[in-house]
Amino acid sequence: MHRPRIAALQLGSLGLSAFVVLAGCTGAATIAPSSASPSAMAEHSAMPSESAMAEHSAMPSVAAPVSTGTFHGVDGSAKGTVALFHKPDGTFAITFEDFSIDSNAHTDVILVTNKDVTKDADIDKTAFVDLGPLKGTSGMQDFVVPASADAMTFHTVVLWDTAMTHPIAAAPLR
């Protein structure tokens, strides 16, 4: 004769408990109210320890987007969205989503203080932050903003042709 096994489970951070009764070899599980005997609860407790719960609460939060934008053409074209993220460790990163461009040859990602870039003359070629070359022609890409740059003073992400020194596309951050 099989004796049912009872296990206590804690659901989320709400402190709610449910008891699962595992029945024999059938693989059936039944949720029972919390009226199981204290000895059964102690014997088969699956509740996390206080140290495990403290460890979980010490996990860093997810990065929050500070601003976002959409690419538009300047002297070329690119598609996709951009987000400036403020990460839990205090650093900033630029993330491209649903991104595509015909070629990534000689193309860097730069940040400028302009509210937008619609022509080559909009960019002060001596006052931008270069985040490095594009990593591909499509898909999600991340670029770290150097700690030496005050990310909150830059308002537009530009795809910059390093060979011809002109903007290909821009994404104003709002």
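The coordinates are above.
Note that the structure is a prediction, hence the values are computed from the model and not measured.

K.L.:
Would you take a moment to explain the side chain of Asp-108 for this structure?
P.N.:
Turning to its location among the elements, Asp-108 is positioned in strand S8 (residues 107-112). Buried charged residue Asp-108 carries no salt bridge. Nearest counter-charge: Lys-135, at 11 Å. Apart from residues no more than four positions distant in its own chain, Asp-108 is found in contact with Asp-130, Gly-132, Pro-133, Leu-134, Val-158, Leu-159, Trp-160 and Thr-162.

K.L.:
Is there a simple way to explain the pairing of strand S12 (residues 166-172) in this structure?
P.N.:
Regular strands have side chains that alternate between both faces of the sheet. Most of S12 sits out of view: 7 of its 7 residues are buried. Pairing between strand S5 (residues 72-73) and S12: 2 bridges, direction antiparallel. Counted as the bridge partner of His-72 is Ala-170 from S12. Relative to S12, strand S11 (residues 156-161) is paired through 6 bridges, and the arrangement is antiparallel. Across the sheet, residue Asp-161 finds its bridge partner in S12, namely His-166. Joining the antiparallel neighbours S11 and S12 is a turn of 4 residues, in which Thr-165 adopts a positive phi near 45°.

K.L.:
Got a minute to help me understand the sheet that holds strand S6 (residues 78-86) in this structure?
P.N.:
Remark on secondary structure: sheet strands pair via backbone hydrogen bonds, oriented parallel or antiparallel. Across the sheet, which stays open at both edges, the 4 strands sit in the order S4-S6-S7-S10 with antiparallel pairing between neighbours. In this open sheet, the two edge strands, each paired with only one partner strand, are strand S4 (64-70) and strand S10 (141-145). Going from strand to strand, the sheet's axes swing by 20° on average, the running direction of each strand aside. Of the strand pairs in this sheet, strand S7 (residues 92-101) and S10 are connected by 5 bridges, and their pairing is antiparallel. The residue bridging Phe-92 from the neighbouring strand is Val-145, located in S10.

K.L.:
Can you walk me through the pattern of salt bridges in this structure?
P.N.:
Side chains that carry opposite charge are capable of pairing whenever their charged atoms lie near each other. Under the criterion given, the structure shown has 2 salt bridges. For Lys-119, the salt bridge goes to Asp-122, with nearest N and O atoms at 3.1 Å. We classify Lys-119 as partly exposed; its relative accessible area is 45%. According to the relative accessible area criterion, Asp-122 is buried, its value standing at 19%. With a shortest N-O distance of 3.4 Å, Lys-125 and Asp-120 are connected by a salt bridge. Since its relative accessible area comes to 40%, Lys-125 is described here as partly exposed.

The rules behind these values
Residues numbered from 1 in each chain as written. Predicted model: local features only at pLDDT ≥ 70, side-chain atom pairs only at ≥ 80, totals over all residues. Heavy atoms only, no water. Helix = DSSP H or I, 4+ residues; strand = E, 2+ residues; numbered from the N terminus. Buried < 20%, exposed > 50% of the residue type's maximum accessible area, 1.4 Å probe, protein only. Lys, Arg positive; Asp, Glu negative; His and termini not counted. Salt bridge = Lys/Arg side-chain N within 4 Å of Asp/Glu carboxyl O. Contact = heavy atoms within 4.5 Å. Pairing = 2+ DSSP bridges. Axes fitted to C-alpha atoms, helices over the stretch in contact; angles between N-to-C directions.

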